[in-house]
Amino acid sequence: MISVSQALEQLFSLANPVGTETVPLIEASGRVLAQDAVSQRDQPPFAASAMDGYAVIGSDASPGAQFKVIGESAAGHRFQGAVLPGQAVRIFTGAPLPEGATRVVIQEDVTRDGAMITLGAALDRGDHIRPAGGDFRAGATVTAPRRLGPQDVALLAAMNIARVTVAKRPKVALISTGDELVMPGETPGPDQIIASNTFGLHALLNALGAEPRLLPIARDTRSSLGLVLDLAEGADLIVTIGGASVGDHDLVASVAADRGMERAFYKVAMRPGKPLMAGRLDGAMMLGLPGNPVSAMVCGHVFLAPIIRAMTGQGHAAAPRKIATLAAAVPANGPREHYMRATLTDEGIAPFDRQDSSLLSLLSRANALLIRPSQDPPRATGDPVEYIALES
Ligand code: AMP
Ligand code: MG
């Protein structure tokens, strides 16, 4: 058996980057920036007012001072001219600061009478000016690789970057295998169950920024599996679910081998999800996941997510781990690294009592996978442990 990190190294060696494309900014959220985006402009491009008020020369602004209002500067419409001693320009948030002015007195500190204003006795001290380039300057860079979130999109827009070069979305073909499976919405026969983890993995892949495609369920015959594998053409990654151990009906390895897959078979020292198959087939990477619903989903987080990140240029890194303290004591762990469905609250992290790898109801209630290292001794309440966060 090999460790999870050894298995990941093998998988990374099979995962080729999918290349890049240029997309409009409106489609950039969730994509991985592949080329640095460089601002061509300063923001703000001019010194601007941060408040509604009056722009004056700062040294004139003493309590009780009076000014003549000589004009107005609004957002999008600057005051054409300079402010001299004893003069003020009515100004609004975001408007360019007139030449000569060094301070904005907020309107709450001013009494106005016609064209004259008088400052109050207790003045707010701030100058309420946003300096030119105070947010960012021309040359400021959003550095690749970076998974772009809504905040990044806002910044790129402010930089006047209308198109960005991003990693392509890896095309992932998802194949369920098994005579016992039907699709959700169908009527299962008496010995049948509903294909579930395929849908979970589809959702996970979408959230990772991949382009998953659900193929028809392959039945447990060579011809059916071959037919469905034909449909996977064009995929960057083929993920099969189930049929990957050595039972009589476990055809994936043998059918893939007949089609020329250079196969690697890994027994990974983890729970759940011991058997893992990987290789390259017809220009695509192939990953064979265990069929047990929770095993498949855990392998999705532990292996599939890092593969998608590798394919999109985000480096070779395991699923990010965080630290929490135990809310309940846990017994010693065996030789396999254990990914336990757990709940993380303000009190800490606690695994569910039942951890059978078929129990999706508990996976759905879990918000974390608590990681028990191989041969970890018993741990007490309050001990720090590692976990992988499960996004809801
Ligand atoms: P297998 O690896 O094909 O022997 O499958 C192991 C277990 O996982 C069996 O109980 C299967 O019925 C179940 N299983 C396999 N694929 C799926 C799937 N896509 N959705 C739900 N259960 C599955
Ligand atoms: Mg099966």
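Conventions used here
Residues numbered from 1 in each chain as written. Chains lettered and ligands numbered in written order. Predicted model: local features only at pLDDT ≥ 70, side-chain atom pairs only at ≥ 80, totals over all residues. Heavy atoms only, no water. Buried < 20%, exposed > 50% of the residue type's maximum accessible area, 1.4 Å probe, protein only. Helix = DSSP H or I, 4+ residues; strand = E, 2+ residues; numbered from the N terminus. Arc of directions from axis to C-beta. Contact = heavy atoms within 4.5 Å. Domains from an automatic or database assignment. Phe/Tyr/Trp six-rings, centres within 6.5 Å; stacked < 30°, edge-to-face > 60°. Lys NZ or Arg CZ within 6 Å of the ring centre and 35° of its normal. Near = heavy atom within 4 Å. Polar contact = N/O pair within 3.5 Å; in protein donor to acceptor, adjacent residues only side chain to side chain. Areas by Shrake-Rupley, 256 points an atom, 1.4 Å probe, with all protein chains shown as cover. Pairing = 2+ DSSP bridges. Axes fitted to C-alpha atoms, helices over the stretch in contact; angles between N-to-C directions. Left-handed = near helix turned anticlockwise from the far one by under 90°. Nonpolar A, V, L, I, M, F, W, Y, C, P; charged D, E, K, R; others polar. Parallel < 35°, antiparallel > 145°, perpendicular 65-115°, else oblique.

## Here we look at helix 3 (residues 197-207)
Consideration 1: Restricting attention to buried positions, one finds in helix 3 the residues N197, T198, L201, L204 and L205. Taken end-on, helix 3 shows its buried residues confined to a sector of 120°, consistent with a single buried face.
Consideration 2: Where helix 3 is buried, its residues touch strand 15 (171-176), strand 18 (211-214), strand 19 (237-241), strand 23 (284-289) and helix 6 (293-311).
Consideration 3: Looking one or two residues past helix 3, G209 carries a phi angle of roughly 90°, positive in sign.

## Observations concerning the domain arrangement of the protein chain
How big an interface is tends to be stated in terms of accessible area lost as the parts join.
Consideration 1: Split by domain assignment, the protein chain resolves into domain 1 (4-18 + 169-311), domain 2 (20-43 + 135-167), domain 3 (48-130) and domain 4 (322-389).
Consideration 2: Placing the centre of domain 3 and that of domain 4 at their C-alpha centroids yields a distance of 60 Å.

## Quick notes on the packing of aromatic side chains
Consideration 1: For the coordinates displayed, the defined rule picks out zero aromatic pairs.
Consideration 2: For R78, the ring lying beneath its charged end belongs to F46, and the centroid distance is 5.6 Å.

## Side note on the site of ligand 1
Consideration 1: Every one of the 15 residues lining ligand 1 counts as a neighbour, but E180, S196, N197, G243 and G291 are closest to it.
Consideration 2: Here S176 contributes a side-chain N or O atom positioned 3.1 Å from a nitrogen atom of ligand 1.
Consideration 3: Against a free-state accessible area of 490 Å², the protein chains account for coverage of 76% of ligand 1.

## Things to note about the sheet that holds strand 23
Consideration 1: Across the sheet, which stays open at both edges, the six strands sit in the order 18-15-19-23-22-20 with mixed pairing between neighbours. Either end of the sheet is taken by a strand with one partner, and the two such strands are strand 18 and strand 20 (262-267). The mean inter-strand angle of the sheet, taken between neighbouring strand axes irrespective of direction, is 20°.
Consideration 2: Looking at chain direction, strand 22 (residues 275-281) and strand 23 are connected through five bridges and run antiparallel. Residue R280 lies in a different strand from strand 23, and its bridge partner there is M285.
Consideration 3: Most of the contacts of helix 1 (residues 4-14) go to strand 22, to which it runs at about 20°, and overall it touches strand 20, strand 22 and strand 23.

## Side note on the packing of helix 1 against helix 6
Consideration 1: At their nearest, the axes of helix 1 and helix 6 sit 10 Å apart, and the two run at 35° to each other. For helix 1 against helix 6, the interelement crossing comes out right-handed. Note on element contacts: helix 6 touches helix 1 through V302, F303, P306, I307 and A310, opposite V4, A7, L8, L11 and F12.
Consideration 2: When grouped by side-chain class, the residues that make up the contact of helix 1 with helix 6 number 10 nonpolar, no polar and no charged.

## With respect to the sheet that holds strand 9 (residues 110-113)
Consideration 1: The strand order 8-5-7-6-10-9 describes an open sheet built from six strands, whose pairing is mixed. Every other strand in the sheet has two partners, leaving strand 8 (103-106) and strand 9 as the edge strands with one partner each. Going from strand to strand, the sheet's axes swing by 40° on average, the running direction of each strand aside.
Consideration 2: Examined bridge by bridge, strand 6 (residues 66-73) and strand 10 (residues 116-119) share three bridges and lie antiparallel to one another. Bridged to Q66 within strand 10 is T118.

## Side note on the environment of M270
Consideration 1: Mapped onto the fold, M270 is located in strand 21 (residues 270-271).
Consideration 2: Residues M270 and K322, 52 residues apart in the sequence, show an inter-C-alpha distance of 19 Å.
Consideration 3: If near-sequence neighbours (up to four positions away) are discounted, M270 is found in contact with V4, V298, C299, V302, F303, R336, E337 and Y339.

## Some details on the packing of helix 3 against helix 6
Consideration 1: With their axes 10 Å apart at the nearest point, helix 3 and helix 6 run at an angle of 25° to one another. As far as their axial angle goes, helix 6 and helix 3 are roughly parallel. When the axes of helix 3 and helix 6 are compared, the crossing they make is right-handed. Packed against helix 3, whose contacting residues are N197, G200, L201, L204 and L205, the element helix 6 presents P293, A296, M297, G300, H301, L304 and I308 at the interface.
Consideration 2: The class makeup of the residues in the contact of helix 3 with helix 6 is eight nonpolar, four polar and no charged.

## Quick notes on unusual backbone geometry
Consideration 1: The residue after A144, namely P145, is reached through a cis peptide bond having omega -5°.
Consideration 2: Following the sequence through the fold, P145 ends up in the loop between strand 12 (141-142) and strand 13 (146-147).
Consideration 3: Of note, the bond from R271 into P272 is cis; its omega dihedral lies within 30 degrees of zero at -10°.
Consideration 4: Relative to the helices and strands, P272 resides in the loop between strand 21 and strand 22.
Consideration 5: The backbone of H128 shows a phi angle near 55°, a positive value even though the residue is not glycine.
Consideration 6: Among the secondary structure elements, H128 is positioned in the loop between strand 10 and strand 11 (129-130).
Consideration 7: By relative accessible area, which is 18% here, H128 ends up buried.
Consideration 8: We note that N160 has phi near 65°; this positive angle belongs to a residue other than glycine.
Consideration 9: Structurally, N160 is set in the loop between helix 2 (150-158) and strand 14 (163-167).

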